[in-house]
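Residues per chain are reported as follows:
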Amino acid sequence: MSVVSAKAITKNYGKGQVAVPALRGINLTIKKGEFTSLAGPSGSGKTTLLNLIGCLDRISDGKLQISGKDVSTLNALELARLRREKIGFIF
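Because the structure is a prediction, the values reported are computed rather than measured.

We now examine the overall build of the protein chain. For the protein chain, the count of helices and strands is 2 helices and 4 strands. For the protein chain, the N- to C-terminal ordering of α and β elements is β-β-α-β-β-α. Computed over the C-alpha atoms, the radius of gyration of the protein chain is 13 Å, within 12% of the 12 Å expected from 2.2 N^0.38 for a compact globule of 91 residues. Taken across its 91 residues, the protein chain has 25% of its residues classed as buried. Within the protein chain, counting contacts between residues at least 6 apart in sequence, those at least 24 apart form 52% of the total. As presented, the protein chain carries roughly 6,200 Å² of accessible surface, and 53% of it is formed by carbon and sulfur atoms. Separation of charge centres in the protein chain, based on 14 positive and 6 negative side chains, amounts to 2 Å.

In structure tokens form, the structure reads like this:
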């Protein structure tokens, strides 16, 4: 079972013509019991990706599921509950 499933997720900051892409088309699967780390140069999107997986920010496009739930459909209370019950990571 996948705990994290990201399919073609993107994250843009800003709006319209001043939108700055932080992530483009990320695919990632993390299965139950796996340990995962992210590595890359400064500005490559590591913290942005962790903020999305941690439900601290919303994706701009694509599909992100945490424990089988599509996080784009959850309200603030449901996201807080998901963070409290299902997510644990260290920045």
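Don't stop here, the text continues.
Further remarks concern a positive patch on the surface. Among the surface-exposed residues, K32, K69, R81 and K86 lie close enough to one another that they form a single positively charged patch. Tracing the chain through its elements places K86 in helix α2 (residues 76-86).

The sheet contact formed by strand β1 (residues 2-13) and strand β3 (residues 61-66) spans 5 bridges and is antiparallel. Looking at the pairing, A6 lines up with L64 of β3. Hairpin connection of β3 to strand β4 (residues 69-70): 2 residues between the antiparallel strands, including S67 at a positive phi of 50°.

The next subject is the nonpolar core. Buried together is how nonpolar side chains tend to be arranged in soluble globular proteins. In terms of nonpolar packing, the biggest core is built from 16 residues, with I9, L64, I66 and V71 touching the most fellow members. Every element with two or more residues in this core is listed here: β1, β2 (20-31), α1 (46-53), β3 and α2. Ignoring anything within four residues of it in the chain, the contact list for V71 reads C55, R58, L64, I66, L79 and L82.

Quick look at the packing of aromatic side chains now. What the rule picks out here adds up to 0 aromatic pairs. Against the face of Y13 rests K11, its NZ or CZ located 5.1 Å from the ring centre.

With that settled, consider the side chain of T10. Turning to its location among the elements, T10 is positioned in strand β1. Judged by its relative accessible area of 17%, T10 is buried. Those residues in contact with T10 that lie beyond four places of it in its chain are L23, R24, G25, I59, S60 and D61.

The backbone of C55 shows a phi angle near 60°, a positive value even though the residue is not glycine. Checked against the element boundaries, C55 lands in the loop between α1 and β3. On the basis of relative accessibility, which here comes to 6%, the residue C55 falls in the buried class. Even without glycine at this site, S67 takes up a positive phi of about 50°. Here S67 is to be found in the loop between β3 and β4.

Basis of the calculations
Residues numbered from 1 in each chain as written. Predicted model: local features only at pLDDT ≥ 70, side-chain atom pairs only at ≥ 80, totals over all residues. Heavy atoms only, no water. Helix = DSSP H or I, 4+ residues; strand = E, 2+ residues; numbered from the N terminus. Rg over C-alpha atoms; globule rule 2.2 N^0.38 Å. Buried < 20%, exposed > 50% of the residue type's maximum accessible area, 1.4 Å probe, protein only. Contact = heavy atoms within 4.5 Å. Areas by Shrake-Rupley, 256 points an atom, 1.4 Å probe, with all protein chains shown as cover. Lys, Arg positive; Asp, Glu negative; His and termini not counted. Charge placed at Lys NZ, Arg CZ, Asp CG, Glu CD. Patch = residues over 30% accessible without salt bridge, like charges linked within 9 Å, V, L, I, M, F, W, Y side chains within 5 Å. Salt bridge = Lys/Arg side-chain N within 4 Å of Asp/Glu carboxyl O. Pairing = 2+ DSSP bridges. Core = buried A, V, L, I, M, F, W, Y, C linked by side-chain atoms within 4.5 Å. Phe/Tyr/Trp six-rings, centres within 6.5 Å; stacked < 30°, edge-to-face > 60°. Lys NZ or Arg CZ within 6 Å of the ring centre and 35° of its normal.

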